[in-house]
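Commentary on secondary and tertiary structure
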Amino acid sequence: MKLYLDTADITAWHKCSLTSAIDGVTTNPALVAECNKSYETVLSEFSGVIDGPIFAQVTARTASAMIEQANRYHQIHSSAIIKLPATEAGFTALAELREKPISAGITVCFTASQAILAGKLDASFIAPYVGRMNDNGQDAVHIVKQILDIYDAHEFDTEVLAASLRNATDATELSAAGVDAITLSPSVYESYLHHPQTTASVTEFHQIWEDAHDNADQ
Ligand code: G3P
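The following refers to the structure shown. (Residues numbered from 1 in each chain as written. Predicted model: local features only at pLDDT ≥ 70, side-chain atom pairs only at ≥ 80, totals over all residues. Heavy atoms only, no water.)

1. Description of the site of the ligand
Rule in force here: Neighbouring residues are identified by heavy atoms, a residue being near a molecule or strand if any of them is within 4 Å of it. We define a polar contact as two N or O atoms separated by no more than 3.5 Å, with the added condition that, inside protein, one atom must be a possible hydrogen donor and the other a possible acceptor, whereas residues neighbouring each other in sequence contribute only through side-chain atom pairs. In this description, accessible areas are obtained by the Shrake-Rupley approach with a 1.4 Å probe, and a residue is regarded as covered only by the protein chains that are shown. Amino acid classes used here: Ala, Val, Leu, Ile, Met, Phe, Trp, Tyr, Cys and Pro are nonpolar; Asp, Glu, Lys and Arg are charged; the rest, including Gly, are polar.
In the vicinity of the ligand, the contacting residues are Asp6, Asn28, Tyr129, Arg132, Ala163, Ser164, Arg166 and Thr183. The contact in question runs from an oxygen atom of the ligand to an N or O atom on the side chain of Arg132, over 2.7 Å. A distance of 2.8 Å is found between an oxygen atom of the ligand and a side-chain nitrogen or oxygen belonging to Arg166. Starting from 310 Å² of accessible surface for the ligand in isolation, the protein chains cover 81%. Along the lines of polarity and charge, the residues of the shell around the ligand split into two nonpolar, three polar and three charged.

2. Notes on the environment of Gly90
In plain terms, the rule: Numbering of helices and strands runs from the N terminus; a helix is a DSSP stretch of H or I covering at least four residues, while a strand is a stretch of E covering at least two. Type-normalised accessible area, obtained with a 1.4 Å probe on protein chains alone, sets the label of each residue: buried when under 20%, exposed when over 50%, and partly exposed for intermediate values. By the convention used here, residues are in contact when the closest approach between their heavy atoms is within 4.5 Å.
For Gly90, the location among the structural elements is in helix α5 (residues 88-97). A relative accessible area of 0% means that Gly90 is categorised as buried. For the pair Gly90 and Met66, spaced 24 residues apart in sequence, the C-alpha separation works out to 7.5 Å. Excluding anything up to four places from it in sequence, Gly90 contacts Met66, Leu84, Pro85 and Ile106.

3. Points about a negative patch on the surface
This is how it is decided: Think of a patch as exposed residues, more than 30% relative accessible area, with no salt bridge, where like charges cluster within 9 Å and nonpolar side chains (Val, Leu, Ile, Met, Phe, Trp, Tyr) cluster within 5 Å. Salt bridge criterion: a side-chain nitrogen from Lys or Arg within 4 Å of a carboxyl oxygen from Asp or Glu. Under this rule, positive means Lys or Arg and negative means Asp or Glu; His and the chain ends count for nothing. To locate a charge, take atom NZ for lysine, CZ for arginine, CG for aspartate or CD for glutamate.
A surface patch of negative charge is lined by Asp122, Asp149, Asp152, Glu155, Asp157, Glu159 and Asp180. With respect to the helices and strands, the residue Asp152 is situated in helix α8 (residues 140-154). Among the residues examined, Asp152 registers a relative accessible area of 61% and is labelled exposed.

This is the structure in structure tokens:
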């Protein structure tokens, strides 16, 4: 299973990637806008430090403009993976990009039927928006499991990349269900690392160890 960090902030990347558990980075226009940088600048920054996949989302609205943008991203980083929205323009751009040596998939997915289209078009990935589905009153975990079943039953190669994850519970449930990848915000990633009972137990072990050595020294 691949684990990505969902950020456009290179500082957050450096902090979280210290554990080396993270395979790459996913970005979107909102995350890039928060950094007050151009998409091209963010891509160039990450290209210099990341060995693994860098996902870059188009901001254009028409299929032809999306394709131009995908080409530009590809020039900046030849293994950039292009995120296209699950809209008519996005699916149209995907169908054309399939003919080029550019890896592209579908993001902002809210339904299994959108995932079927992505699979039919041989998208490299589909990114169901788990948190936003739940916000919308949908049962996100159930829908993502349906997507996994559909892809399995029909042998689609498209990878399922669970995104918009707001907590470790949904993320681990979907990992258990067999998603190919998850992307976590730096704060959800932090919640993977820490548990108060782990901290308390490690502190206890340190204390016992130090006490034992103090006694041995006397
Ligand atoms: O990876 C998609 C993600 O960035 C969207 O997350 O929390 O804005 O729904 P959120």
